[in-house]
Amino acid sequence: MKIIIFGAPGVGKGTQAKILSAKLNIPHISTGDILREAIKSQTELGKKAKTIVDSGELVPDDIVGEIVKETLTSTKCKNGFILDGFPRNVYQAELLESMLKEISNFGLILIKLNADDEIIVKRLSSRRVCSNCGNILNEAEITNDFICPVCHAKNSYYKRSDDEESVIRKRLMIYHEATAPVFNFYKNKAAIIEVNGTHSIEEVTKEILDKLSFRQS
Ligand code: AMP
């Protein structure tokens, strides 16, 4: 299955992509995660990307395009993938189209998660991420000497530098201007599934899986 998980920053793409990746047994490819990992390891890519990612701007298309091409043509994606955070603009969607022509364009599914901007600002401002396993919690759930419920790391939760309110609002603006038009690009090129992203994690997963199985039956 070839899936693009689509929607504004903070709408729950990463959370749902991780769950779907485990349930459907296809890899979760997050360009944001790949860039953050490169920044953490201070690779050449990471050094180039750091200030851009911290400010909420988009990393140049050729850099991200290369990362995605390398990943999609690797053997781990031979049975499909869930792309999260790419394509971020129409040019990247065109890049992806040419990459998929080389593999197979067949059966692309776009899952769009919807939520209002103000809900997203609230969610992202209080989002905390485990530096060890990437699990996401709300700041209200984290206490002193907190142990990660997933990987058991101690005091590992941090606030992403791009989850400050001013940066969140800039990311939302870029989403509406550059990324939202990608949805129209796919209207006649992919099967579209739309889900309300403000429901609970379990409800959103259930709705996606129901709609996916309906499509396949
Ligand atoms: P995300 O984790 O998807 O919210 O991405 C975090 C940041 O990584 C974004 O705000 C961008 O700076 C950068 N980024 C991730 N994916 C892309 C992409 N497809 N194109 C350009 N920049 C990206």
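Residues numbered from 1 in each chain as written. Predicted model: local features only at pLDDT ≥ 70, side-chain atom pairs only at ≥ 80, totals over all residues. Heavy atoms only, no water.

## Observations concerning the site of the ligand
Definition in use: A molecule or strand has a residue near it when one of that residue's heavy atoms lies within 4 Å. By the criterion applied in these results, polar contacts are pairs of N or O atoms within 3.5 Å in which, for protein atoms, one can donate a hydrogen and the other can accept it, and in which residues neighboring in sequence qualify only through two side-chain atoms. Each accessible area is a Shrake-Rupley estimate made with a 1.4 Å probe; only the visible protein chains count as cover when residues are assessed. Numbering of helices and strands runs from the N terminus, with a helix taken as a DSSP run of H or I at least four residues long and a strand as a DSSP run of E at least two residues long. Asp, Glu, Lys and Arg are counted as charged, while Ala, Val, Leu, Ile, Met, Phe, Trp, Tyr, Cys and Pro are counted as nonpolar; the rest, among them Gly, fall into the polar class.
Taken together, 16 residues lie around the ligand, and Thr 31, Arg 36, Glu 57, Gly 85 and Gln 92 are the ones closest in. Between Arg 88 and the ligand, the recorded distance is 3.1 Å, taken from a side-chain N or O atom to an oxygen atom. The separation between a nitrogen atom of the ligand and a polar side-chain atom of Gln 92 is 2.9 Å. When the free accessible area of the ligand is taken as 480 Å², the share hidden by the protein chains comes to 96%. At four residues, the largest contribution of residues to the shell around the ligand is made by helix H2 (residues 31–40). Partitioning the shell around the ligand into residue classes produces six nonpolar, four polar and six charged.

## Overview of the pattern of salt bridges
Counted only if it meets this: Basic side-chain nitrogens of Lys or Arg form a salt bridge, by our definition, when they fall within 4 Å of a carboxyl oxygen of Asp or Glu. Partly exposed residues are those whose accessible area sits between 20% and 50% of the maximum for their type, while under 20% is buried and over 50% is exposed, using a 1.4 Å probe and protein chains only.
A full pass over the atoms with the stated rule returns 16 salt bridges. Of the charged contacts in the structure, one is a salt bridge between Glu 97 and Lys 189, with a shortest N-O distance of 3.1 Å. One end of the pair, Glu 97, is in helix H5 (residues 90–102); the other, Lys 189, is in the loop between helix H8 (181–186) and strand S8 (191–196), and 92 residues separate them in sequence. Under the relative-accessibility criterion, Lys 189 is labelled partly exposed at 42%. Of the charged contacts in the structure, one is a salt bridge between Arg 127 and Asp 163, with a shortest N-O distance of 2.9 Å. With a gap of 36 residues between them, Arg 127 in strand S5 (residues 127–130) and Asp 163 in the loop between strand S7 (157–158) and helix H7 (165–179) connect regions that are remote in the sequence. Exposure remark for Arg 127: the relative accessible area of 12% places this residue in the buried category.

## As for the sheet that holds S8
The cut-off we apply is this: The pairing criterion for strands is at least two bridges between them, as found by DSSP. In this description, a line fitted to the C-alpha atoms serves as the axis of each element, helices being fitted only across the stretch in contact, and the angle between N-to-C directions of two axes falls anywhere from 0 to 180 degrees.
Taking strand neighbours across the sheet as the criterion, the five strands line up as S2-S3-S1-S4-S8 in an open arrangement whose pairing is parallel. Strands at the two margins of the open sheet, each flanked by one partner only, are strand S2 (28–30) and S8. Ignoring strand direction, the axes of neighbouring strands in this sheet form an average angle of 20 degrees.

## Remarks on H7
In plain terms, the rule: Here the expected length of a helix is defined as 1.5 Å per residue gap, with one fewer gap than residues. The arc in question is the one spanned by the directions pointing from the helix axis to the C-beta atoms.
Here H7 is 15 residues long and its end C-alpha atoms lie 20 Å apart, about the 21 Å a rise of 1.5 Å per residue gives. Listed as buried for H7 are Val 167, Ile 168, Arg 171, Leu 172, Ile 174, Tyr 175 and Thr 179. Buried positions in H7, seen along its axis, are confined to an arc of 160 degrees and lie on one side of it. Set apart from the buried face of H7 by more than 90 degrees, the exposed residues are Ser 166 and Glu 177.

## Structural notes on H5
Because an α-helix completes one turn every 3.6 residues, residues spaced three or four positions apart along the sequence face the same direction. Helix length check: H5, at 13 residues, gives a terminal C-alpha distance of 19 Å against a target of 18 Å (1.5 Å per residue), a fit within 8%. Listed in full, the buried residues belonging to H5 are Gln 92, Ala 93, Leu 96, Met 99 and Leu 100. Angularly, the buried residues of H5 cover 120 degrees about the axis, an arc narrow enough to put them on a single face. Exposed and facing more than 90 degrees away from the buried side of H5 are Lys 101 and Glu 102. The distance from a side-chain oxygen at the start of H5 to the backbone nitrogen of Tyr 91 is 3.2 Å, and the residue carrying that oxygen is Asn 89.

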